[in-house]
Amino acid sequence: MLSKVLLQQKSRARLFIAATGSLLGTLLLLTAIQLYFDITYLFTVKADDVISPSFLEVNKQVSMLNTLSVSSSSFSDEEIAEIRAQKFIRKVGVFTPTQFSMWLTGELSANLPKLQTDMFLEGLPDDMIDVQNNRWNWEPGQKEIPIIIPSYYLSLYNFAFAPSKGLPQITKGTVTRIPLTLEITDREGHRVYYKARVIDYSDRINTIMAPISFINWANKEYGREQEGKRPSRLLLEVDNPSNPRFAAFLEAKGYETSKDKLKGGKQMALLQVVLLVVGVVGVFIVILSVLVFVLTFQLLISRASEAIRLLIQLGHDYTTISRFFNRYFLRLFLGIQLIAFALVVLVKLLMYQLFTENALEVPAYPHWAMFLWGLLFTLAFSLSGVRAIHRTVRRLAD
Amino acid sequence: MVTFNQVVPQPLEGIYNPQSQIWATELAVPSGHLVEVMSASGKGKSTFLQIIYGIRKDFKGICQVNGKDIRHYSPAEKAELRRTKVSIVFQDLRLFPHLTGWENLQVKNQLTGHKTEAEMRELTERLGVAFLLDKPCGIMSYGQQQRFAIIRALCQPFTLLMLDEPFSHLDRGNIELCCALLQEECKHQQAGLILTTLGESYPLPYDTRLTL
C-alpha cells in the first residue's frame, strides 16, 4: 500500500537514465582502478623479460681524480656492506677482476686473420649469472677454461664490424667451436698457456667472464697484489628498479648505473601521474553520476511529499517512510553496483585480450583490491544516499 | 484531555472575536466530552483542530494534549498520538484521490490493525458507500468522500475524535446515519468528540458548545 501511495509519481524513464549513468560511472571507476593494478604489475613484475631490469650493474663515477689515482673508483668492504643493507636490494654480486695480465689468441680458419688481443676476465658468483650451461665450471688441473661473453659483443661483430671490413658473419655456434689460447704472465714474468673456449652468451652481464673458481685460483697462483685488487663494479639484484628510493640512493652515493634501466622508473612515474589524473576524473564522474541518482530519488520524494505529509498526518512514523524509500534506493543502487562489478570482470577480460595482443603480460583476473576499493565506494555512496533520503523525509515530518 | 492557555493563532491576532470561548482565554476539554464548536467561516475552527492535532505551530500561548505541550511532541510521539489517541476528519478530507475507497481505508487500518475487513465493509454499508469500495476516491462526489473520510477516522483506537465540518455535503438522512455511528463508536471507545460546524446543529448529545 505504501508503494502505491509513495511511488505513484515515479518516472520509470528518469530512474532508468539515472541508473544507467550511475552504472557507467561506477564501471569507469572500477576499470580505472583495475587498469592501475595492471600497469603497476607490468612495471614491477617482468618475469619473462630477457633483460631483466631487476639486475643492475653499478660502478662509481669516474672522475679526474681516479685518472690521477688520487681517489679510488673501487668499492670498499664497508661500502659493499652498506649497499647490501638496503632494503630494496636483494643481492649484491661482486665482480672479481684478475690480478695478472693476459693475452688471447684464436684462429677461426686458415683464410681468416688470426685473432689476437689483450684480454681481461672477471668472475661473478654463479647464482648471479643468467646462463645455464653444464660446461660452466672449472677445477684446478682442468686444461680448458670456459668463457661467457655478452651476446651483444657478437652482434657488434656481426652487424657493425664484419660488414665494414668485408668479413663473413659468424653464428653463436661457430664462436663456441673456435679454439682459443689464453696466455698468462705470472709474477716472475713467465708465460703460462691455457686452452679457452666461449661456451655461452649472457644477456645480463656486461663483461667477459670465467668461472669464479678459476679467477680465485689464478689470482692466488699468478696474481700481483697491487693490481686491481678491489672490485670496481657490482651487480645488484633489486626488487624494483623503478623504485625512486633506489635511484635516490645511487645518486646520493655517487654511484652510476646504466640509465636505460632506470628509465622504467620515469615511465612508471609518468604513467602513475596519468592514472592518478584519470582516477581523479573517474572519481568525479562517479560522484556526479551517483549524485544524479540520489537527486532523482530526492525528486521522487519531493513529488511524493504531499503523500508523505498526509501519511505522517495519518499517524505513520516518518522513519517507516524513509525506510521504505531507502529500501527502494538500496535495492536499485546495490543492483547497479552488482551489475557494475559483473561488467568490470568482462571489461577486464577484454583488457586482458588487448594487453596480450600487444605482447604485454598481465594477470587474466581482476585484482582483489579493485573489488575492495569498489566495495568501499559502494558502501560510502550507499551510506550518504541513505542519509540524504532520511533527512529529506525527516524535514517533511514537522 | 485538551487544555488551551491564552492561545491565539498568528493569522487571527487582533481580529479574533473578543467573546471567543477558545482564543486568548483558558479552555479545558475533558476526556470523553462531546463538544460542538460553532462559528462563521474564517474564525479559526480548522486552526483550532489542527493546533490540537499538532499540525500548526503558528500560535501564541500553550496547548496541552494529555498533559504535554503539543509543541514538545517528537515526530515519533506525534505519530503515536495520531495512531492511538486522536483521530481526525479534515475539512478537505485528504483522501488519496488515485486510491480506491477500500485502499484509502486500508492506508489507515493497515497501520493500526484496529478493524477487521468485515467490520470495515459493514461500516461502508451502514453509510451507504459500500458500492464505491473499488472506485478511486478522486471520481466520487464530495458527499461520498466525506463518508469515506469518516470511516477512515474510525479505523483506529482514539480517546478524542475531531471532525471539521464533516457533513457539509450530506443530506439529512445521511447526517443522521453518521451521527448515530459516531455516537456509537465514541461510546464504545469511551472517547470524546469535537465537531465544528458553521451553524447547523446535528443530532449529537453534546456536553459543551463553544463559540469562536
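Note that the structure is a prediction, hence the values are computed from the model and not measured.

(A) A look at the overall build of chain A. On a plain count of helices and strands, chain A comes out with 12 helices and 11 strands. Within chain A, the fraction of its 398 residues that count as buried is 43%. For chain A, the proportion of contacts with a sequence separation of at least 24, taken over those separated by at least 6, is 81%. Element-wise, carbon and sulfur atoms account for 60% of the exposed surface of chain A, whose accessible area totals about 21800 Å².

(B) Spotlight on the environment of lysine 57 of chain B. Among the secondary structure elements, lysine 57 of chain B is positioned in the loop between helix H1 (45–53) and strand S4 (59–65). When its relative accessible area of 40% is taken as the criterion, lysine 57 of chain B is described as partly exposed. C-alpha of lysine 57 of chain B to C-alpha of arginine 71 of chain B: the two residues are 14 residues apart in sequence and 7.2 Å apart in space. Ignoring sequence-local partners within four residues, the contact set of lysine 57 of chain B consists of Asp398 of chain A together with Arg71 and Lys78 of chain B.

(C) Summary view of the pairing of strand S9 (residues 191–202) of chain A. All names here are of chain A. Bridge count between strand S7 (residues 144–150) and S9: seven bridges; the pairing is parallel. Directly across from proline 146, in S9, lies its bridge partner arginine 197. Summarising the sheet, strand S8 (residues 180–185) and S9 pair through six bridges and their orientation is antiparallel. Across the sheet, isoleucine 184 pairs through a bridge with valine 192, a residue of S9.

(D) Spotlight on the environment of tryptophan 103 of chain A. Residues and elements named next belong to chain A. Tracing the backbone shows tryptophan 103 in strand S4 (residues 102–106). The class for tryptophan 103 is partly exposed, based on a relative accessible area of 32%. Along the primary structure tryptophan 103 and aspartate 118 are separated by 15 residues, whereas in three dimensions their C-alpha atoms are 4.6 Å apart. Discounting chain neighbours no more than four positions away, the residues touching tryptophan 103 are Gln116, Thr117, Asp118, Met119, Thr181, Leu182 and Glu183.

(E) View of the packing of aromatic side chains. Residues and elements named next belong to chain B. A complete count under the given rule lists 26 aromatic pairs over all chains for this structure. Relative to phenylalanine 90, the ring of tyrosine 53 has its centre 6.0 Å away and its plane inclined at 85°; by these criteria the two rings are edge-to-face. Taken as a pair, tyrosine 53 in helix H1 and phenylalanine 90 in the loop between strand S6 (86–89) and helix H3 (101–112) lie far apart in primary sequence, 37 residues in all. Since its relative accessible area comes to 3%, phenylalanine 90 is described here as buried. Positioned over the ring face of phenylalanine 59 is arginine 71, at 4.0 Å from the centre of the ring. Positioned over the ring face of phenylalanine 90 is arginine 94, at 4.3 Å from the centre of the ring.

(F) Spotlight on the sheet that holds strand S11 (residues 255–256) of chain A. All names here are of chain A. One open sheet holds the four strands; their spatial order is S2-S10-S1-S11, and the pairing between them is antiparallel. Each edge of the open sheet is held by one strand with a lone partner, namely strand S2 (89–94) and S11. In the packing of helix H4 (residues 77–85) onto the sheet, contacts are made with strand S1 (55–60), S2, strand S10 (233–238) and S11, and the angle to S2 comes to roughly 150°.

(G) Broad picture of the side chain of glutamine 189 of chain B. Residue and element names in this part refer to chain B. With respect to the helices and strands, glutamine 189 occurs in helix H6 (residues 172–189). Here histidine 114 takes part through its side chain, which lies 3.3 Å from a polar atom of the side chain of glutamine 189. A polar contact of 2.9 Å, which involves the side chain of glutamine 189, links it to the backbone nitrogen of phenylalanine 158. In this structure glutamine 189 touches His114, Gln156, Pro157 and Phe158, once residues within four positions along its chain are discounted.

(H) Region of the structure containing empty space enclosed by the protein. By the definition in use, this model includes three cavities of 30 Å³ or more. Of the voids in this model, the largest cavity is the one considered here, and its volume is about 50 Å³. Considering the residues around the largest cavity, the lining is formed by Leu314 of chain A together with Tyr53, Ser87, Ile88, Val89, Lys108, Ala149, Arg152, Ala153 and Gln156 of chain B. Counting only elements with at least two residues in the lining of the largest cavity, the list comes to S6 and helix H5 (142–154) of chain B. There is about 40 Å³ of room inside the second largest cavity. Around the second largest cavity, the lining residues are Gln9, Lys10, Ser11, Arg14, Leu15, Thr296, Leu299, Leu300 and Arg303 of chain A. Those elements that place two or more of their residues in the lining of the second largest cavity are helix H2 (12–44) and helix H9 (259–303) of chain A. Looking at the lining of the second largest cavity element by element, the count peaks at four residues for H9 of chain A. Among the residues forming the lining of the second largest cavity, the class breakdown is three nonpolar, three polar and three charged.

Each value, and the rule that gives it
- Residues numbered from 1 in each chain as written.
- Chains lettered and ligands numbered in written order.
- Predicted model: local features only at pLDDT ≥ 70, side-chain atom pairs only at ≥ 80, totals over all residues.
- Heavy atoms only, no water.
- Helix = DSSP H or I, 4+ residues; strand = E, 2+ residues; numbered from the N terminus.
- Buried < 20%, exposed > 50% of the residue type's maximum accessible area, 1.4 Å probe, protein only.
- Contact = heavy atoms within 4.5 Å.
- Areas by Shrake-Rupley, 256 points an atom, 1.4 Å probe, with all protein chains shown as cover.
- Pairing = 2+ DSSP bridges.
- Phe/Tyr/Trp six-rings, centres within 6.5 Å; stacked < 30°, edge-to-face > 60°.
- Lys NZ or Arg CZ within 6 Å of the ring centre and 35° of its normal.
- Axes fitted to C-alpha atoms, helices over the stretch in contact; angles between N-to-C directions.
- Polar contact = N/O pair within 3.5 Å; in protein donor to acceptor, adjacent residues only side chain to side chain.
- 1 Å grid on protein atoms, 1.4 Å probe; cavity = no way out; pocket = protein on both sides within 12 Å on 5 of 7 lines; lining within 4 Å.
- Points joined across faces, edges and corners; volume = space filled by probe spheres on them.
- Nonpolar A, V, L, I, M, F, W, Y, C, P; charged D, E, K, R; others polar.

Purely geometric stuff here, so don't read any function into it on its own.
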